Amino acid sequence: MRYTQGFYPIIGKENLSRDIFSLTICSHEIASVAVPGQFVHIALPGHSLRRPISICDIDKNAHTIRIVFAVKGSGTRDLSCLNTGNTIDMIGPLGNGFTLLDRSSKVILIGGGIGTPPMVAMASYYGGNAHVISGFRDKTMVILQDEFKRNTPNTYVCTEDGSEGIKGFVTMPLEELLQKEHFDMVYACGPIPMLRAVAQVTERYDTPCEVSMEQHMGCGIGACLVCTCKIKTEEGIDFKHVCKNGPVFDAREVEWNG
Ligand SMILES: Cc1cc2nc3c(=O)[nH]c(=O)nc-3n(C[C@H](O)[C@H](O)[C@H](O)COP(=O)(O)OP(=O)(O)OC[C@H]3O[C@@H](n4cnc5c(N)ncnc54)[C@H](O)[C@@H]3O)c2cc1C
Ligand code: FES
């Protein structure tokens, strides 16, 4: 793992919806080596533990990364109070990131709620070969669709209450796509019940699938045991670190039943 820690300037801030913010941060060290699916670990004054946030997009020419986060508790509330011109204390890029196939591969990118951001960098990598499915509770929560549409014409939004796009879960368009044609890989990030459902559908269609797992974290670099996740191996169940061995895992290896 090649990562650095530093104080980096925030050069852009956007409020995407009521409690969701986007920050663009200038860091040559992080942007130059980051790959989609990795995360940064952010320190905030007054909080002993860093907060893990996925890298949403990477601009290697401009030396910037973008993060998109929801205000959940006091840490992300304080993060949302930072502004353009402030610096941010980050370690990154951390974790393994998604496996990138040849750009001409046909892939499906699935984001659920605040698991949608890492799919932005994936969509810019695969372009028009990507089909992007995003799921949200309702239309007030829908984010990042302009970014997806800039990269590919194949975008689908699902909302649980039907207030925008398809009424229902991301597995509906996923299953329709897999029935119609062959895809080389499905990538997913979002809540565990969604990842489990995506893993079941992709296994039924014998399509490789990678999932980005979320787990509470301490150090973020594999030195404590806070972030373990159960992974199936030939010898049985193994406990892996989401921060170091993940956050991306092969969906077939994850022990979904606890
Ligand atoms: C690899 C990874 C990538 C993530 N990417 C994003 C992202 O792109 N956008 C986004 O909005 N959120 C993301 N999260 C979730 C984000 O880290 C939590 O929402 C955040 O840490 C909550 O901190 P808080 O102080 O606001 O909330 P509190 O609930 O007050 O946090 C208390 C403690 O619990 C930890 N914690 C709480 N929820 C989570 C969680 N879901 N995952 C890990 N630790 C948690 C906090 O880090 C803190 O140490 C990601 C989590 C992981 C593990
Ligand atoms: S957060 Fe410490 S080992 Fe993963």
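Up top you'll find the structure we're talking about.
Applying the stated criterion across every chain yields a total of four aromatic pairs. Consider the rings of Phe21 and Phe69, whose centres lie 6.0 Å apart with planes at 25 degrees: the pair is stacked. Taken together, the residues Phe21 in strand E2 (residues 20-26) and Phe69 in strand E6 (residues 64-70) connect sequence positions 48 residues apart. Neither Phe21 nor Phe69 differs from the other in exposure class; each is buried. Seen from their ring centres, Tyr125 and Tyr126 are 4.8 Å apart, and the 90 degrees between their planes marks the pair as edge-to-face. Each member of the pair, Tyr125 as well as Tyr126, is classed as buried. Lying across the ring of Phe183, Lys106 places its NZ or CZ 5.0 Å from the centre.

Most of strand E8 (residues 107-112) is tucked away: six of the six residues are buried. Of the two faces of E8, the one holding Val107, Leu109 and Gly111 and the one holding Ile108, Ile110 and Gly112 are both buried throughout. Here six bridges tie E8 to strand E9 (residues 130-136), and the two strands are oriented parallel to one another. Its bridge partner lying in E9, Val107 is registered against Ala130. Each parallel crossover has a hand, and the one from E8 via helix H3 (residues 118-126) to E9 is right-handed. In the sheet, E8 pairs with strand E12 (residues 185-189) via five bridges, with the strands oriented parallel. The residue bridging Gly111 from the neighbouring strand is Cys189, located in E12.

One open sheet holds the seven strands; their spatial order is E4-E3-E7-E1-E2-E6-E5, and the pairing between them is antiparallel. Because the sheet does not close on itself, it has two edges, and the strands there are strand E4 (51-54) and strand E5 (57-59). Looking at each pair of strands side by side, their axes are set apart by 35 degrees on average, direction ignored.

Moving on: the environment of Asp78. With respect to the element layout, Asp78 can be found in helix H2 (residues 74-80). You can call Asp78 partly exposed: its relative accessible area is 32%. Once the C-alpha coordinates of Asp78 and Leu44 are considered, the two residues, 34 residues apart in sequence, prove to be 7.2 Å apart. Dropping the residues within four chain positions of it, Asp78 is found in contact with Leu44, Pro45 and His47.

Calculation criteria
Residues numbered from 1 in each chain as written. Chains lettered and ligands numbered in written order. Predicted model: local features only at pLDDT ≥ 70, side-chain atom pairs only at ≥ 80, totals over all residues. Heavy atoms only, no water. Phe/Tyr/Trp six-rings, centres within 6.5 Å; stacked < 30°, edge-to-face > 60°. Helix = DSSP H or I, 4+ residues; strand = E, 2+ residues; numbered from the N terminus. Buried < 20%, exposed > 50% of the residue type's maximum accessible area, 1.4 Å probe, protein only. Lys NZ or Arg CZ within 6 Å of the ring centre and 35° of its normal. Pairing = 2+ DSSP bridges. Right-handed = clockwise from strand over helix to strand, strands pointing away. Axes fitted to C-alpha atoms, helices over the stretch in contact; angles between N-to-C directions. Contact = heavy atoms within 4.5 Å.

Without other data, these values stay purely geometric and don't point to any function.
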